Amino acid sequence: MDADDTNAPALVRAATRLPAQDLERARRFYSEKLGLDPVDERPGGLLYRCGGAEFVLFRSTGTSPGTFTQMALEVEDIEAAVAELKRRGVVFEEVDAPGFRTRGGIAEVEGNYPSKGARGERGAWFHDSEGNLLGMGEPVF
C-alpha cells in the first residue's frame, strides 16, 4: 500500500496474534518461561506489551504448524537470554541447513535491514506451549 494513496486506510500499528488451544497453559508458559504477564484480558484473549509493541494470545481451535517464525523478540544479549530461558526449561531449536546453522541454539544471520544500522543478526528459535515458533534476535553492529 502506498503511503501517498489518499484512499488508503489510516493504519496506526501492527500487532501480532498467536493462537492458543489452552489459554491458561499459554499464560503459564509466557509468565514462567518468558517473564511476561498480560496487561489486560478479555474472554478468550490475553494482551501483552513488550518493548513498546503488543501481542495477543487468543483461544483458538486451530493450531500453528510451528514451521515459521510467528513473532520475534529483540534482545540486547542473546547469549544471556538463551542461557536464562534454557535455565527456565525452554528448548531451543537446532538447525543444520546449507548456509544456516545454529550452535548452542544460536545462529549467525548475515545481513540486516539498512534502517537498523546493523551488519547482521544473531538469532535463536523456540516453540511456546501452543506450538507457535518464536524467535529472538540481537543485532550485530
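Just above, that's the structure.
A few points on the structure. (Residues numbered from 1 in each chain as written. Predicted model: local features only at pLDDT ≥ 70, side-chain atom pairs only at ≥ 80, totals over all residues. Heavy atoms only, no water.)

A word on the packing of aromatic side chains
Piece 1. In the structure shown here, the tally under the stated rule is 6 aromatic pairs.
Piece 2. When the centroid spacing of 5.3 Å and the interplanar angle of 65° are considered together, the rings of Phe 92 and Phe 126 count as edge-to-face. Of the two residues, Phe 92 is situated in the loop between helix 2 (78–87) and strand 6 (96–97) and Phe 126 in strand 9 (residues 120–127); the sequence distance between them amounts to 34 residues.
Piece 3. Connected via pairs of aromatic rings, a cluster forms that spans Phe 29, Tyr 30, Tyr 48 and Phe 55. (Phe/Tyr/Trp six-rings, centres within 6.5 Å; stacked < 30°, edge-to-face > 60°. Helix = DSSP H or I, 4+ residues; strand = E, 2+ residues; numbered from the N terminus.)

What about the pattern of salt bridges?
Piece 1. Applying the stated rule across the entire model yields 11 salt bridges.
Piece 2. As a salt-bridge pair, Glu 24 and Arg 27 come within 3.2 Å of each other at their nearest N and O atoms. A residue pair is termed a helical-turn pair when its members lie 3 or 4 positions apart in one helix, as Glu 24 and Arg 27 do in helix 1 (residues 23–32) at 3 residues.
Piece 3. On the basis of relative accessible area, Glu 24 is assigned to the partly exposed category, the value being 40%.
Piece 4. Across the salt bridge formed by Glu 84 and Arg 87, the nearest N and O atoms sit 2.7 Å from each other. Within this pair, Glu 84 and its partner Arg 87 are both found in helix 2, separated by 3 residues, close to a single helical turn.
Piece 5. For Arg 87, a relative accessible area of 62% corresponds to the exposed category. (Salt bridge = Lys/Arg side-chain N within 4 Å of Asp/Glu carboxyl O. Buried < 20%, exposed > 50% of the residue type's maximum accessible area, 1.4 Å probe, protein only.)

Quick look at the sheet that holds strand 3 (residues 45–50)
Piece 1. Strand order in the open sheet formed by 4 strands is 1-4-3-2, with mixed pairing between adjacent strands. Unpaired on one side and paired on the other, strand 1 (16–20) and strand 2 (40–42) mark the two borders of the sheet. Averaged over all neighbouring strand pairs, the angle between strand axes comes to 20°, with direction disregarded.
Piece 2. As paired elements, strand 3 and strand 4 (residues 53–59) share 6 bridges and run antiparallel to each other. Looking across to strand 4, one finds that Leu 46 is bridged to Leu 57. (Pairing = 2+ DSSP bridges. Axes fitted to C-alpha atoms, helices over the stretch in contact; angles between N-to-C directions.)

Side note on the sheet that holds strand 7 (residues 100–103)
Piece 1. Judged by pairing direction, the sheet is mixed, and its 6 strands sit side by side in the order 5-10-9-8-7-6 without closing on themselves. Bordering the open sheet on either side are strand 5 (69–74) and strand 6, each of which pairs with just one other strand.
Piece 2. One ladder, built from 5 bridges, connects strand 5 with strand 10 (residues 133–140); its direction is parallel. Following the sheet pairing, Thr 69 is matched in strand 10 by Leu 133.

Quick look at the pairing of strand 8 (residues 106–110)
Piece 1. Bridge count for strand 7 against strand 8 is 2 bridges, and the pairing is antiparallel. In the sheet register, Arg 103 faces strand 8, and the bridge partner there is Ile 106.
Piece 2. Linkage of strand 7 to strand 8, two consecutive antiparallel strands, is achieved through a turn of 2 residues, within which Gly 104 is found at a positive phi near 65°.
Piece 3. Bridging between strand 8 and strand 9 involves 4 bridges; their strand directions are antiparallel. Bridging from a neighbouring strand, Val 109 pairs with Glu 121 of strand 9.

Keep in mind these numbers describe shape, not what the thing actually does.
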